[in-house]
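Here is what each chain is made of, one letter per residue.
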Amino acid sequence: MLKGLKVYAFYLAVLSLFRLFFIVYLHDYLGPASGTSDILLALWRGSRLSMQTAGCLALLSFLPSLCLHYLWPRAERWSWRVMNFIVLAVLAVLYAASFPFYRQFRMNFNQMLFTGANDDIYALFITMIQQYWLPVRLAGALLLAYGLWRLLLAWLRWTPVETRLRTVCLATPVRWLGRLAFLGGIYLAVLLGIFGGSLGWQTAVDWENAGVTKDEFLNEAILDNPQAIYRAWVLNSRMLACNGLDFTVEDIRSLAAVLAGRQPDSDNLDVYLQKQAQGARIDKPRHVFVILSESFANWPLLDKYKDIPIAAGMRALLAEPDTDYCPTFLPNGASTVSAVTGVVTGFADANLYLTTMPESFREPYVTASAPQMEKLGYTTDFWYAGPATWERIGAFTQAQGFDRFYSRGDFGDVPGSVWGCEDECLYAQILAGLSDTPGFHVILNASNHSPYDVDVEAKGFDKEAVRAALPPEAQADEELLRELGHYWYADRELAKFVREVKDRYPDSLFVIVGDHADRYNIDKMPSTYERYGIPFIISGRGIHKGTLLADSAGSQIDIVPTIIELIAPKGFAYMAIGSSLTTVNKRGVNYGFWITRQAIGKADTVPLVPEAVGGGAPPAIDDQAMQDYINAVRSLSWWRPKYGPLLDAALLKDR
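So, a few notes on the structure that sits alongside this text. Computed from a predicted model, the values in this text were never measured in an experiment.

Some points on helix α21 (residues 559–567)
Because an α-helix completes one turn every 3.6 residues, residues spaced three or four positions apart along the sequence face the same direction.
Then step 1. With nine of its nine residues buried, α21 lies for the most part within the structure.
Then step 2. Taken residue by residue, α21 has Ile 559, Val 560, Pro 561, Thr 562, Ile 563, Ile 564, Glu 565, Leu 566 and Ile 567 as its buried positions.

In structure tokens:
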């Protein structure tokens with residue numbers, strides 16, 4: 001076990017030194033604004049992440065050696081030697097390859113590894129010999145591996161502490177205490193290895209949240225080579241899992257025509273996606289904000305829960321005359337990334353992992369929000385409280401047309417959790433970045449998220465008042481109170497942000513929705529509506545009660561069409577699958593549910609089974625019309641991003 005610990009420490013040191021030399025050698029790729037503090041943060045964050053890698057690598061020699069220790073003791077020594085040489089050789093070869101790989105792709109190892117595996121292997125081999133001096137690099141890597149291997153063997157032979165302990169006579173209790181302390185150290189090392197330099201998942205570092213600096217090069221350097229390959233494998237697996245849905249081209253043509261209200265006379269889907277604005281209903285706002293608030297469910301805004309003091313900010317906003325509200329609204333999916341893709345691309349969740357698909361990075365989709373808002377005269381930016389590396393959100397949003405992307409790495413040393421900075425810090429950064437230039441701003445916050453570690457009581461949360469307002473059976477649930485405290489915090493900071501922007505730019509428009517719900521409820525068995533519904537709140541100059549249809553309903557693909565129909569001049573051409581809640585939209589659909597003003601239900605049953613939104617007897621619905629709507633939204637959101645605008649059955653032949 002002591003040998004295993006020493007091997008673990010050795011690999012951690014090697015990976016950390018590899019990272020340091022990588023940054024020093026490729027320092028020309030550092031951004032001009034990056035300083036020593038950014039480099040130190042990358043080294044520290046990377047070392048924490050490499051604790052996980054080092055633990056996995058150490059197990060490769062520890063487990064077989066442990067077995068041989070009892071089954072064939074004479075072979076144990078060779079097991080340590082052989083297995084560690086193999087591991088070090090692989091590490092050294094990967095490290096030598098990472099330098100030309102970064103120069104070529106400006107990334108640590110990525111999905112191009114798997115793309116290359118399907119390429120012309122002979123041509124790649126010749127290219128690596130001619131352009132990248134493969135034999136020389138390979139020889140150098142193996143020489144490096146041999147040197148590291150000799151160092152590791154010397155490190156394993158260096159045992160002055162163990163030798164000294166064997167010669168000292170210690171009392172039995174002292175020996176047992178020493179053994180317990182040693183086991184405690186083993187337990188600590190295991191935790192650090194599992195959770196990436198942390199003692200629990202709440203603060204764990206992994207490849208998705210590791211990139212917290214403002215420098216893209218440093219964010220890539222944080223990942224050691226095995227972690228980068230793991231990232232590539234995960235993203236490639238997600239992409240390969242994007243099988244989409246099971247519709248024929250004839251199905252899609254007919255459904256697209258039904259959705260567009262026209263004849264199915266074209267194989268070009270973009271014909272069915274074309275819309276024209278009916279004319280501006282409000283004066284053009286200076287700034288347009290779409291705020292995707294983490295886990296911001298609708299149920300705290302219902303009258304049923306009005307006495308629980310966690311949503312005072314939004315309740316006050318809803319009472320304002322310049323605010324309207326749709327209480328029957330669905331998220332695009334069950335996770336945050338679905339909300340992002342819904343708002344950014346305009347596509348519903350259709351079993352496509354858009355942030356990993358190569359098609360998403362070629363050019364913006366015709367339904368993408370940023371290019372269409374640019375046509376209306378707005379600059380576009382996306383603000384995210386977390387790291388740019390999460391779900392490739394930084395690269396994805398910019399590939400889909402956003403002019404600028406801001407993430408935690410741009411904000412400096414700000415408080416927060418592993419998921420992102422605290423909401424008040426995010427909003428302060430946004431306020432500091434606003435100018436008189438008209439802007440379209442999408443904002444994704446993160447505080448109302450596990451591990452729920454914002455000190456909300458220090459920020460003013462009255463836990464005992466909330467406890468007293470809860471049903472008796474929930475009053476002792478401290479975990480629920482902590483979660484409700486974070487909803488309170490998100491609500492307060494969001495309301496404060498809206499007020500401050502309105503004071504500075506009164507001609508602004510706000511759309512506020514949750515990214516999803518379904519995280520916590522007071523009721524142990526909430527209704528479908530209370531569990532999954534999110535609010536749709538629209539506020540700003542010119543908005544009034546009745547701006548939205550009295551029986552409006554929708555989902556996140558309807559956000560941008562609603563904004564366009566509010567502010568665009570008559571005849572403005574745009575592309576969308578969704579529709580405006582101010583004109584026609586009275587239903588919503590997502591990955592698993594549909595909703596109207598009166599009913600909600602699962603989207604994959606035949607026939608559909610409605611459940612009353614407000615309780616009571618299930619209302620009647622037009623089953624066929626809703627089935628057609630569900631299938632139209634899903635089929636278009638599958639085919640258009642995956643295969644392009646033209647319906648061609650030949651594209652499915654290898655599916």
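Let us keep going from here.
Overview of the nonpolar core
Then step 1. If you look at the biggest cluster of nonpolar residues, it comprises 141 residues, and the most contacted ones within it are Phe 382, Phe 497, Phe 536, Ile 563 and Ile 567.
Then step 2. Looking at this core, the element that brings in the most residues is helix α19 (residues 478–504), giving 12 residues.
Then step 3. If we skip the residues at most four places from it in the chain, Ile 567 touches Ala 280, Ile 282, Pro 285, Val 288, Met 373, Leu 376, Tyr 378 and Leu 509.

Notes on α19
Then step 1. Compared with the 39 Å implied by 1.5 Å per residue over 27 residues, the 39 Å span of α19 between its first and last C-alpha is a close match.
Then step 2. The backbone nitrogen of Glu 479 lies 3.3 Å from a side-chain oxygen of the residue at the head of α19, namely Asp 477.

Observations regarding the sheet that holds strand β15 (residues 599–602)
Then step 1. Reading across the sheet, the four strands line up as β13-β14-β15-β16 and stay open at both edges, with antiparallel pairing between neighbours. Looking at the sheet topology across the chains shown, the edges are occupied by β13 (588–589) and β16 (611–612).
Then step 2. Bridging between β13 and strand β14 (residues 593–595) involves two bridges; their strand directions are antiparallel. Looking across to β14, one finds that Gly 588 is bridged to Ile 595.

A closer look at a nonpolar patch on the surface
Then step 1. A contiguous nonpolar patch, built from Leu 59, Leu 63, Leu 66, Tyr 70, Leu 71 and Trp 72 and spanning about 710 Å² of accessible area, is present on the exposed surface.
Then step 2. Checked against the element boundaries, Trp 72 lands in the loop between α2 (36–71) and α3 (73–105).
Then step 3. Residue class for Trp 72 comes out exposed when judged on its relative accessible area of 54%.

A look at the packing of aromatic side chains
Then step 1. In this structure the tally under the stated criterion is 39 aromatic pairs.
Then step 2. Centroid distance Phe 10 to Tyr 11: 6.3 Å. Interplanar angle 70°. Geometry classified as edge-to-face.
Then step 3. The exposure class of Phe 10 is buried, given its relative accessible area of 11%.
Then step 4. Assessed through its relative accessible area of 0%, Tyr 11 is described here as buried.
Then step 5. Their ring planes at 75° and their centres at 5.3 Å tell us that Tyr 102 and Phe 217 sit as a pair that is edge-to-face. Placement of Tyr 102 in helix α3 and of Phe 217 in helix α9 (residues 216–222) is noted, with a sequence separation of 115 residues between them. Like Tyr 102, the residue Phe 217 is buried in the burial classification.
Then step 6. Three or more aromatic residues joined by ring pairs form one cluster here, namely Phe 18, Phe 21, Phe 22, Tyr 25, Tyr 29, Tyr 95, Phe 99, Tyr 102 and Phe 217.

Overview of the pattern of salt bridges
Then step 1. Going through the model one piece at a time under the given rule, you end up with 23 salt bridges.
Then step 2. Here Glu 424 makes a salt bridge to Lys 459, at a shortest N to O gap of 2.8 Å. Taken as a pair, Glu 424 in helix α17 (residues 423–433) and Lys 459 in the loop between β8 (439–444) and α18 (463–469) lie far apart in primary sequence, 35 residues in all.
Then step 3. Here Lys 459 falls in the partly exposed class, since its relative accessible area comes to 23%.
Then step 4. A salt bridge links Glu 457 to Lys 463; the nearest nitrogen and oxygen atoms lie 3.7 Å apart.
Then step 5. If you follow the salt bridges from partner to partner, you end up with Glu 457, Lys 463, Glu 464, Arg 467 and Glu 478 in one network.

Looking at the environment of Arg 587
Then step 1. If you trace the backbone, Arg 587 turns up in the loop between β12 (573–575) and β13.
Then step 2. Using a relative accessible area of 29% as the deciding quantity, one classes Arg 587 as partly exposed.
Then step 3. Apart from the residues within four sequence positions on either side, Arg 587 is in contact with Ala 553, Gly 554, Asp 558, Ile 595, Thr 596, Ala 625, Met 626 and Tyr 629.

Some remarks on the side chain of Glu 294
Then step 1. Counting through the fold element by element, Glu 294 comes out in the loop between β2 (287–293) and α13 (312–319).
Then step 2. The buried charged residue Glu 294 lacks any salt bridge partner; its closest oppositely charged side chain belongs to Arg 519, at an N-O distance of 5.2 Å.
Then step 3. When neighbours within four sequence positions are excluded, Glu 294 is seen to be in contact with Thr 336, Asn 445, Ala 446, Asn 448, His 449, Asp 515 and His 516.

Observations concerning the packing of α13 against α19
Then step 1. For the pair α13 and α19, interaxial distance at closest approach is 7 Å and the crossing angle is 40°. One element, α13, and the other, α19, form an angle in the oblique class. Contacts between α13 and α19 pair Ala 312, Gly 313, Met 314 and Leu 317 from the former with Asp 491, Leu 494, Ala 495, Val 498 and Lys 502 from the latter.

Regarding the sheet that holds strand β10 (residues 534–540)
Then step 1. Within the open sheet, the eight strands sit side by side as β5-β4-β8-β2-β9-β10-β3-β11. Their pairing is mixed. If you trace the sheet from one side to the other, it starts and ends with β5 (404–406) and β11 (554–555), each paired once.
Then step 2. Sheet topology note: the strand β4 (residues 379–384)/β5 ladder contains three bridges and is parallel. Each bridged residue has a counterpart across the sheet, and for Trp 383 the counterpart in β5 is Tyr 406.
Then step 3. Across the sheet, helix α14 (residues 336–345) is in contact with β2, β4 and β8; its angle to β2 comes to roughly 155°.

Focus: the pairing of strand β3 (residues 323–330)
Then step 1. For β3, the buried fraction is high: eight of the eight residues fall into the buried class.
Then step 2. Where β3 and β10 come together, five bridges link them in antiparallel fashion. Across the sheet, the residue bridging to Asp 324 is Ile 538, located in β10.
Then step 3. In this structure, β3 lies alongside β11, joined through two bridges in parallel fashion. Across the sheet, residue Phe 329 finds its bridge partner in β11, namely Gly 554.

Overview of the packing of α2 against α3
Then step 1. Relative orientation of the contacting elements α2 and α3 amounts to 170°, with a least axis distance of 8 Å. With respect to each other, α2 and α3 are oriented roughly antiparallel. For the pair α2 and α3, the crossing hand works out as right-handed. Across the interface between the two elements, Leu 57, Leu 60, Ser 61, Phe 62, Pro 64, Ser 65, Leu 68, His 69 and Leu 71 of α2 pack against Pro 73, Ala 75, Glu 76, Ser 79, Trp 80, Met 83, Asn 84, Val 87 and Leu 91 of α3.

Here's the deal with the environment of Arg 519
Then step 1. For Arg 519, the position within the fold is in the loop between β9 (508–514) and α20 (528–532).
Then step 2. What makes Arg 519 partly exposed here is its relative accessible area of 41%.
Then step 3. For the pair Arg 519 and Arg 531, spaced 12 residues apart in sequence, the C-alpha to C-alpha distance is 8.1 Å.
Then step 4. Those residues in contact with Arg 519, other than ones at most four positions away along the chain, are Ser 295, Ala 334, Ser 335 and Tyr 452.

The rules behind these values
The residue numbers shown here count from 1 along each chain, following its written sequence. Per-residue local features are limited, in this predicted model, to residues with pLDDT of at least 70; the limit for side-chain atom pairs, both in listing and counting, is 80 or more; totals at the level of whole chains, interfaces and linings are taken over all residues. Hydrogen atoms and water are omitted, and side-chain values are computed over all heavy atoms in the structure. Burial classes follow relative accessibility: with a 1.4 Å probe on protein chains only, a residue under 20% of its type's maximum area counts as buried, one over 50% as exposed, and anything between as partly exposed. Counting from the N terminus, the helices are the DSSP runs of H or I reaching at least four residues and the strands are the DSSP runs of E reaching at least two. Residues enter a nonpolar core if they are buried and are Ala, Val, Leu, Ile, Met, Phe, Trp, Tyr or Cys, with the set joined through side-chain atoms within 4.5 Å. Residue contacts are counted whenever heavy atoms from the two residues lie within 4.5 Å of one another. Here the expected length of a helix is defined as 1.5 Å per residue gap, with one fewer gap than residues. Any pair of nitrogen or oxygen atoms within 3.5 Å is treated as a polar contact; in protein, a donor-acceptor pairing is required on top of that, and neighbouring residues in sequence qualify only through side-chain atoms on both sides. Pairing between strands is defined by DSSP: at least two bridges between them are needed. Patch membership is restricted to residues that have no salt bridge and whose relative accessible area is over 30%. Joining uses 9 Å for like charges and 5 Å for the nonpolar side chains Val, Leu, Ile, Met, Phe, Trp and Tyr. To be clear on the numbers: accessible area is Shrake-Rupley with a 1.4 Å probe, and residue cover counts the displayed protein chains and nothing else. We define a salt bridge as a side-chain nitrogen of Lys or Arg found within 4 Å of a carboxyl oxygen belonging to Asp or Glu. A pair of Phe, Tyr and Trp rings is counted when the ring centres sit within 6.5 Å of each other, with Trp represented by its six-membered ring. The angle between the planes then sorts it: under 30 degrees is stacked, over 60 is edge-to-face, the rest tilted. A residue counts as positive if it is Lys or Arg and as negative if it is Asp or Glu; His and the chain ends are not included. Where helices are involved, their axes are fitted lines through C-alpha atoms of the stretch in contact, as for all axes, and angles between N-to-C directions lie from 0 to 180°. Between 65 and 115 degrees an angle is taken as roughly perpendicular, under 35 as roughly parallel, over 145 as roughly antiparallel, and anywhere else as oblique. Crossing handedness follows the turn of the near helix against the far one: under a right angle anticlockwise gives a left-handed crossing, and clockwise gives a right-handed one.

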